Amino acid sequence: MAADEAPGAERLTATPSANEQPGLSRRRLLGLVGAGAVGAGVGIAADRAVLAAGAAMTSGAASSYPFYGTHQSGIVTAAQDRLHFASFDVGDISRDELIYLLRDWTVAAAQLTRGLDAGDGGAVGGAYDAPPSDTGEAIGLPPAGLTITVGFGPGLFQSADGRDRFGLASRRPEELIDLPHFSGDALVESQTGGDLCIQACSDDPQVAVHAVRNLSRIAFGRASIRWSQLGFGRTSSTTRGQVTSRNLFGFKDGTANVKAEDTALVNDHVWASAAQSQPWMAGGSFLVARKIRMTIETWDRASLREQERVIGRTKGDGAPLTGGDEFAGLDLDRTTGDGIPLIDEAAHVRLAHPDSTGGAVLLRRGYNFVDGNDDLGRLSAGLFFLCYQSDPRTQFVPVQANLAANDAMNEYVRHIGSAIFAVPPGASEGSYLGAPLFA
Amino acid sequence: MTAPTIRFGLSALTAIAVAVALAGCVANSQRADAAALSVESTADDCVLSSTSAPSGTVAFDVTNSTDIATEFYLLADDGLRIVGEVENIAPGAPRTLTLALQPGEYFTVCKPGMIGDGVGRAAFTVTDSGSTVEPTGDEAQRLDAAAANYVAYVKDQVAQLVPATRAFLDAYRAGDDDTARSLYATSRAYYERIEPVAESFGDLDPSIDFREADVAEGDEWTGWHRIEKDLWPPADSGYVALTADERSYFSDLLTTDTQALFDAVYATDYSVTIDAISNGAIGLLDEVASGKITGEEEIWSHTDLWDFQGNLEGARVAYEGVRDIVEPGDPELVGTLDAEFAELEAQLATFGSLESGFTYYDDLTTDQVKGLADGVNALAEPLSRLTAALVD
């Protein structure tokens, strides 16, 4: 019996409330974040997730996004509040076993994103003398907007020692580069890289953790977690409807992000096309993850003047230091009477601006993190930066190169983790994630 | 060890008298066709009339020419799992062990005095007679036989644990620390193979195998790990070595507790349920995953991989005991477990063996530990479904 037929297996069906507050529905819209300013809205993107979200129009907790479709969800999907991200090393398995892993993950992810238990029998419906196929901590919880997004790291195509373990070397996208060393990188090996990744986003942290826990359990013997990261307080809005949230510096983050509604930008800068290096990636995207530790104790001792100089925006409402409201454009050339730029030459907002990066645009989807504290009693806090793009070579790399070399913020941040993944297109029902790669 | 597990419960529900169950392995009508071999258990040997037999029904007629009771075992090719055994063979009172044997390699051994690792251990080959050897008896009988064989295995291990512990403690008591250290890990292997059994006897495992961290404030810490710390004292921590009297005290306690374990498994009413066997296999892998793979079990001697090997062997024996019963209903699980056991055994073998010694835990790299942990997960996850496949 399939789990979704099992009595009690379905935790909660999304039931849109008739008297839903319109304001709440805005959370369901999708968004894109870009490092650059965006043009006027060009209408709601015809993304399945947008449509699904529009159809549901529920408050966050009960909504669910379809798992199958042209694109994977969890990219232009309206950024949920919580993240559990996991990077995996693939073990010494065959190509067929790798495919079976992806099939198993696909089936389970489709169940989990619907708010169902993982596996036949679920948390309590299986054999009494066997461990339950689902771990159970999500019993009674709604889908909570869960999305599960799977990516393929460079190691899947070529292992560190140069082996072509799965016969995929010739299918490695050129865009899936080994990221260069950026100035100031202090990468920790144990928090860097990976052959596979799972990004689980949800409005309920327990739902996100439940997803990663069950998917990693399914992978035992085939892939094991290399590193993982919990995140909270989405640091980017990916739709116009979402309020811009704040990072742990206390500043609004992602104001000028690409938004889901900017269909043309999304198509040009987020989704890979068949014309790129590997046609199997059409409809997919490339994900760069960076774990950025913030030395918040030092930051908190900086004057408000210094903080705003570093960012280039006001701390209160996030407006550019050249005036206007949060969404006003930057006037990078404007100076004081003494000829000093109002937005500092080293301000983060200037250096990340498309004018400074050759027009590079990113869909940002990061989260704040606090991993307890370090040995010195400082919070191990920061930003788990996630960005999606069609080609990291012309998007993330020039943006980060510019920031790493010049950003005034570098005094307060340190990049300690890094990874890059090819995120394949969505799976169609009956197929599995990554099927075009193995075709 | 860790906190006592409740997985390995004992039950009187399927109480089996060993000899009865084993005799039940073969129908009486087949007895007439059996290949008959004679076995003579002497003071220092175990002499068979032939070192091979054709597959099918084989009868071992065992005579005892010593002056104490003896036992005869047929062991699987791992030298651990008991395929069949007959015990309590009195001098001058022959007994017969009749088994339906598949082609393969086995070992024979006798055990005068019914303790220790036996005498006259020798290879025994069952050749392919061409006739199919069907499992005999109905499922209930096969379950009973599996339980009986597992009980025999437990007894065999405890019977070897007793003298091994004695030799270790003799050296420790005498202040021969080098010898004691050399015997420590290998002696414990007998215990690690059957750890869930010991844990089923409430108080015994805590007093035999508690780690320092397991002991509550105010309770006395005794057993193997108390002595381990004294043999591998922590540097620069102000550790005070035990006196000769204290050494004797802790040695006596461990001797007494080990004897109590022996008495418990040799009690006439000792039995195990079939699910206790499969859950024992699962529990042993859990032991590896929670204690050995983290280096917490042998925090002073760092001989965790010896314990790992013992746990793994014990899990394998328990699994093999029920494997053929599970296979018809779930061949996929059996195939997976066969492969994963072999893989983990091969992986662990790259770090050594009980005979030649293993790499010490503190010499392992983080990547090596992670690789072993991945291997344990790969086996433990499907193994966790064994009990349901067996009883449902």
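Analysis parameters
- Residues numbered from 1 in each chain as written.
- Chains lettered and ligands numbered in written order.
- Predicted model: local features only at pLDDT ≥ 70, side-chain atom pairs only at ≥ 80, totals over all residues.
- Heavy atoms only, no water.
- Buried < 20%, exposed > 50% of the residue type's maximum accessible area, 1.4 Å probe, protein only.
- Helix = DSSP H or I, 4+ residues; strand = E, 2+ residues; numbered from the N terminus.
- Pairing = 2+ DSSP bridges.
- Axes fitted to C-alpha atoms, helices over the stretch in contact; angles between N-to-C directions.
- Contact = heavy atoms within 4.5 Å.
- Buried area = accessible area lost by both parts, 1.4 Å probe.
- Salt bridge = Lys/Arg side-chain N within 4 Å of Asp/Glu carboxyl O.
- Parallel < 35°, antiparallel > 145°, perpendicular 65-115°, else oblique.
- Left-handed = near helix turned anticlockwise from the far one by under 90°.
- Nonpolar A, V, L, I, M, F, W, Y, C, P; charged D, E, K, R; others polar.
- pLDDT = per-residue confidence, 0-100.
- Disulfide = S-S within 2.5 Å.
- Phe/Tyr/Trp six-rings, centres within 6.5 Å; stacked < 30°, edge-to-face > 60°.
- Lys NZ or Arg CZ within 6 Å of the ring centre and 35° of its normal.

This next bit is on helix α7 (residues 224-231) of chain B. In terms of burial, α7 of chain B is largely enclosed, as eight of its eight residues are buried. Those residues of α7 of chain B that sit buried are W224, H225, R226, I227, E228, K229, D230 and L231 of chain B.

Residues and elements named next belong to chain B. With mixed pairing, the five strands of this open sheet are ordered in space as β3-β9-β8-β5-β6. Since the sheet does not close on itself, it has two edges, and those belong to β3 (52-54) and β6 (82-89), each with one partner. Neighbour-to-neighbour, the strand axes of this sheet turn through a mean angle of 20°, independent of strand direction. Lying over the sheet, helix α3 (residues 139-173) contacts β5 (70-75) and β6, oriented at roughly 65° with respect to β6.

Contacts between chain B and chain A engage 11 residues on the former and 12 residues on the latter. Between chain B and chain A lies a buried interface of about 860 Å² when both sides are counted; carbon and sulfur atoms form 51% of it. Together, K370, N377 and E381 of chain B form the three largest contributors to the area buried by chain B at its contact with chain A, with a combined 42%. Remark: the boundary between chain B and chain A carries one salt bridge.

Time to look at the packing of helix α9 (residues 274-292) of chain B against helix α12 (residues 366-383) of chain B. Residues and elements named next belong to chain B. Between α9 and α12, whose axes approach to 10 Å, the crossing angle comes to 150°. Taken together, the axes of α9 and α12 lie roughly antiparallel to each other. Considering only the axes of α9 and α12, their crossing is left-handed. The residues of α12 that touch α9, namely those facing A281, I282, L285, V288 and A289, are V376, L379, A380 and L383.

It is worth spelling out the packing of helix α11 (residues 331-349) of chain B against α12 of chain B at this point. All names here are of chain B. Where α11 contacts α12, the two axes come as close as 9 Å, and the packing angle between them is 160°. In this view, α11 runs roughly antiparallel relative to α12, as classed from their interaxial angle. As for the relative orientation of α11 and α12, their crossing is left-handed in sense. On α12, the residues touching L333, T336, L337, E340, F341, L344, Q347 and L348 of α11 are G371, L372, G375, V376, A378, L379, P382 and L383. Of the residues assigned to the contact of α11 with α12, the class counts are 11 nonpolar, four polar and one charged.

Turning our eyes to something else, we now look at the confidence of the model for chain A. The pLDDT averaged across chain A works out to 86; a share of 86% of its residues lies at or above 70. Contacts from residues 1-59 of chain A, a stretch scored under 50 in pLDDT, to residues over four places away or in other chains number 164 contacts.

This part takes up the state of the cysteines. Under the criterion given, the structure shown has one disulfide over all chains. Across a sulfur-sulfur distance of 1.9 Å, C46 of chain B and C110 of chain B are joined as a disulfide pair. Sign of the S-S torsion, about 55° for the bond between C46 of chain B and C110 of chain B, identifies this disulfide as right-handed. Taken together, the positions of C46 of chain B in strand β2 (residues 46-48) and C110 of chain B in strand β8 (residues 104-110) put the pair 64 residues apart, joining distant regions of the chain. Overall, C46 of chain B belongs to the buried group, its relative accessible area being 6%. By relative accessible area, C110 of chain B is classed as buried at 0%. No disulfide involves C201 of chain A; its sulfur sits 11 Å from the nearest other cysteine sulfur, which is in C197 of chain A. Free cysteine C387 of chain A: the closest other cysteine sulfur is in C197 of chain A, separated by 12 Å. By relative accessible area, which is 0% here, C387 of chain A ends up buried.

Residue and element names in this part refer to chain A. Inspection of the entire model under this criterion finds 27 aromatic pairs over all chains. The interplanar angle of 85° and the centroid separation of 5.0 Å between the aromatic rings of W299 and Y412 together place this pair among those described as edge-to-face. Residue W299 is found in helix α6 (residues 296-300), and its partner Y412 is found in the loop between α9 (396-406) and β9 (413-423); the two are separated by 113 residues along the sequence. Overall, W299 belongs to the buried group, its relative accessible area being 0%. Note on Y412: relative accessible area 4%, which makes it buried. An aromatic cluster is defined as three or more aromatic residues linked by ring pairs; in this entry it consists of F85, W227, F384 and F421. In this structure, K291 is placed above the aromatic ring of F369, and the distance from its NZ or CZ to the ring centre is 4.8 Å.

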